[in-house]
Amino acid sequence: MKSLLFILFVSFGFCNLSAQLVFTSSYTATVVSKSIAHSDFNLDGNRDFVVSDYSLNKIKVFLGTGTGNFLTPLEFSVGTTPYFVYAVDLNNDLKTDIITANSNSNNLSVLMGSGNGSFSSAVNYSVGMSPSSITAGDFNGDSKMDIACSNFTSNDVNVLFGDGSGGLTVSGNYSSGTTVNPVSICNADLNNDAKADLIVCNKFTNSFSIFLNAGSGLFASPISYGFTETPVFISSYDFNMDGKKDIITINSTSSSLNYRTIGVFTGNGDGTLQSSIDTPGPSLPLSGCIGDFDSNGHLDVVMAYGGVHSLSFSDGHTDGTFGSILISISGVTSGAEFVCSADFDNNGKPDLAYCGNGSVEVLLNNTITGNKEEKQLTNQLFNVYPNPSNGILFVNSTDVVKLSLLNEFGQHIQDAELNAGNNYKMVLDDLRDGIYFIKGIGKQGIITKKIVILKP
């Protein structure tokens, strides 16, 4: 463990404000990995993470203490050369399971979570050649979690239907094209029909493919979007908050000197996309993640740059695009090949965890928001109950408190003001199950509380 401090002074011209980004290194460990995922594996309310150790054909689970530190990792065997790791509840028992994509054994390993940080022995499912990425969703409309994976060498996508008990059946096989080498996959409802569509990033044809869900687990022929960059990572979110899912690509190279590192394709809500809005930045990133790292209410992007030992930050705008100023978070100790964001110290701000050839590191977000120093309180400025919540939450306080509800990315969802002695009812049944934060600001300072939504 170490305590390195990375301070970034960023001036965002679009709003003429200055933000001070502060990341503190709280934890490092030796592991040879190319992928990292997070969840609460032992149900203690603290965020944990898992990495795939492709040199040992194992995963390593790091259980968090809620302070940014972690216990000695637990090891579990998987298939050969686990390239990608994914965390999801496959059997709806509220315990997170783990899946790895094993590039040399051409299969997926499924390990069922016990809820105490341990996992069952791996069950393997054969897929295409060199599986590279995994996503999960209900693809056939039976309310059971399914899996899709991209296969780098066989240039296709496998869909595996879940039986609700953790078992999978390999069902569909969808071609992404010839020599496209799909390297990253995600899912989102792009046409607002309540069905999860698939989006696949094709590395060597400078394109990504959209497979619209036709119902009953079937997908339409891919719609491809080409551009001049080489995409290496893809994700979907409603960046401009218009109720329509957008797509973001992280791009490794460009034909011009002004590298268009980030591409945002705004969704039209009917399965089609607008032309890419590009953001220039350093070339050759390998992956990225999103979060409101500067607490300004807009999602930002952090990218991992492999051998150059750095991460890079781009600030989000109101319209869902990203600023052209990308600041390097230098000083990281190993090749940052894969990065994810989660709140590892329970302060309501998204932190960073990255892995690469040789180690894994956690960087805590201690960013100062605005010009006034935040005083974090440890007393009971307000009370929240019940927690976990089934979608209805009550908050009370003995003081006047301004409340902000944040998602796990640190993005604002709603605000309210709580009067002294009053109970405030928050109706949250339109939110997905998961971890959220309520930040309260009173005369004495600020306190952030974590809540969990688990609807029946």
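Keep in mind the model is a prediction, meaning the values are calculated, not measured. (Residues numbered from 1 in each chain as written. Predicted model: local features only at pLDDT ≥ 70, side-chain atom pairs only at ≥ 80, totals over all residues. Heavy atoms only, no water.)

**Comments concerning the environment of Lys 203**
Counted only if it meets this: We count a stretch as a helix when DSSP gives it H or I for four or more residues in a row; a strand needs E for two or more, and each element gets its number in order from the N terminus. Partly exposed describes any residue whose relative accessible area lies between the buried limit of under 20% and the exposed limit of over 50%, with all areas from a 1.4 Å probe on protein chains only and scaled to the type maximum. The contact rule is simple, with two residues in contact once any of their heavy atoms fall within 4.5 Å.
Relative to the helices and strands, Lys 203 resides in the loop between β15 (197-202) and β16 (207-211). Judged by its relative accessible area of 25%, Lys 203 is partly exposed. Not counting the four nearest positions on each side in its chain, Lys 203 is found in contact with Phe 152, Val 180, Asn 181, Val 183, Thr 230, Pro 231 and Val 232.

**Section: the sheet that holds strand β22 (residues 260-265)**
Each strand in a sheet pairs with another by means of backbone hydrogen bonds, the pair being arranged parallel or else antiparallel. To keep it simple, the criterion reads: Pairing between two strands is assigned when DSSP locates at least 2 bridges connecting them. Orientation is described by axes fitted as lines to C-alpha atoms, over the contacting stretch for helices, and by angles from 0 to 180 degrees between their N-to-C directions.
The four strands are arranged β20-β21-β22-β23 in an open sheet whose pairing can be described as antiparallel. Lying at the two open borders of the sheet, with one neighbouring strand each, are β20 (231-237) and β23 (277-280). Going across the sheet, the axis of each strand differs from the next one's by a mean of 20°, ignoring polarity. As paired elements, β20 and strand β21 (residues 246-251) share six bridges and run antiparallel to each other. Along β21, the bridge assignment pairs Ile 234 with Thr 249.

**What to know about the pairing of strand β30 (residues 357-365)**
Buried residues dominate β30, accounting for seven of its nine residues. Both strand β29 (residues 351-355) and β30 contribute to a ladder of four bridges, which runs antiparallel. Along β30, the bridge assignment pairs Tyr 354 with Glu 361. Connecting β29 to the next strand, β30, in antiparallel fashion are one residue.

**A short note on the side chain of Ser 389**
Turning to its location among the elements, Ser 389 is positioned in the loop between β31 (383-385) and β32 (392-396). The exposure class assigned to Ser 389 is buried, which follows from its relative accessible area of 2%. Non-local contacts of Ser 389, meaning those with residues more than four positions away in its chain, are made with Val 452, Ile 453, Leu 454 and Lys 455.

**Points about the nonpolar core**
What counts here: To define a nonpolar core, start from buried Ala, Val, Leu, Ile, Met, Phe, Trp, Tyr and Cys residues and group those joined through side-chain atoms within 4.5 Å.
If you look at the biggest cluster of nonpolar residues, it comprises 46 residues, and the most contacted ones within it are Ile 36, Phe 49, Leu 108, Ile 147 and Val 360. By residue number, the principal contributor to this core is strand β2 (residues 17-39), which donates four residues.

**Section: the environment of Gly 358**
Relative to the helices and strands, Gly 358 resides in strand β30. Along the sequence, Gly 358 and Lys 34 sit 324 residues apart, while their C-alpha atoms lie 9.7 Å from each other. Discounting residues that sit within four places of it in the chain, Gly 358 has contacts with Ala 29, Thr 30, Val 31 and Val 32.

**Some points on the sheet that holds strand β7 (residues 97-102)**
In space, the four strands of this open sheet follow the order β6-β7-β8-β9, with antiparallel pairing throughout. Edge positions in the sheet fall to β6 (82-88) and β9 (123-126), since each has one partner strand and no second. Geometrically, the sheet is characterised by an average inter-axis angle of 20° between neighbouring strands, direction not taken into account.

In short, shape yes, function no, at least from these values alone.
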